[in-house]
Amino acid sequence: MPRISAATIGEHRAQTRDRILQAVSRLARVQGIDAISMTDVAGEAGITRTVLYNYFPDKAALLLAFTERVTQYFIDSYERELPEDASPADRLRAFVRLQLAGLLAHPHPGAADLSAALGPDAYQQLAEHVAPMQRILVEILESGMESGEFRVIDVAATARMILAVIGAERVPLISGAVTVEAAEALVCAFVLRALGSRSAA
């Protein structure tokens, strides 16, 4: 039985869970999320597979927990980086920058491949976990419309298109063909111009 170093069993479980998710993060940068096995994660975290399965019954559950953590990190970073009086264009730039940085920090396959790997039910749960990030983007677009900075016909459709443009930089970023800074400049210029923003210049 693993030695409990924390003050309580609850703290020990939280520490172990955190160690597991940190292991997923490290492996994702080296192998990509789709290539990670439960054996890989257990070895990287310094625990047995039996212990790992006590926390996460399968890879889908593990990836869902990891995605939830990454999403919360994104939201915290976004809120920490921006002053309250940031313009819609500045908020959009920050959103794009953090999304691109996340693609590089936590490489993963495209939506179709991920859906095939996880199955439709787990993929739907994954989509629900990233919904808070999509809501942030919708709020940015709505604030830009209210201020007259953006021209948007369909907010939900526009948000999906922007996320698709960001996602298109996934392979170039992971392969090293572009930097986060270069991808940010390209995506922001394209998106802001499409939104009719004066900040596109």
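Residues numbered from 1 in each chain as written. Predicted model: local features only at pLDDT ≥ 70, side-chain atom pairs only at ≥ 80, totals over all residues. Heavy atoms only, no water.

1. Regarding the side chain of Ser25
- Examined against the element boundaries, Ser25 turns out to sit in helix α1 (residues 9–31).
- On the basis of relative accessibility, which here comes to 13%, the residue Ser25 falls in the buried class.
- Setting aside its immediate chain neighbours within four residues, Ser25 contacts Phe66, Ala105 and His106. (Helix = DSSP H or I, 4+ residues; strand = E, 2+ residues; numbered from the N terminus. Buried < 20%, exposed > 50% of the residue type's maximum accessible area, 1.4 Å probe, protein only. Contact = heavy atoms within 4.5 Å.)

2. Digging into the packing of helix α8 (residues 155–167) against helix α10 (residues 180–194)
- Between α8 and α10, the shortest axis-to-axis distance is 10 Å and the interhelical angle comes to 155 degrees. With respect to their mutual orientation, α8 and α10 come out roughly antiparallel. Between α8 and α10 lies a crossing whose hand is right-handed. Judged by residue contacts, Ile162, Val165 and Ile166 of α8 engage Val187, Phe190 and Val191 from α10. (Axes fitted to C-alpha atoms, helices over the stretch in contact; angles between N-to-C directions. Parallel < 35°, antiparallel > 145°, perpendicular 65-115°, else oblique. Left-handed = near helix turned anticlockwise from the far one by under 90°.)

3. Considering the nonpolar core
- Of all hydrophobic cores here, the largest spans 32 residues; its most connected members are Tyr78, Leu92, Phe95, Leu100, Leu141, Phe150 and Ile166.
- Those elements giving two or more residues to this core turn out to be α4 (59–81), α5 (88–105), α7 (120–147), α8 and α10.
- Sorting elements by how many residues they give to this core places α5 first, with eight residues.
- If we ignore the near neighbours within four places in the chain, the residues touching Phe150 are Pro88, Ala89, Leu92, Ile140, Leu141, Gly144, Met145, Leu192, Leu195 and Ser197.
- Counting 21 residues, the second-largest nonpolar core is a separate cluster that includes Leu27, Ala28, Leu52 and Ala65. (Core = buried A, V, L, I, M, F, W, Y, C linked by side-chain atoms within 4.5 Å.)

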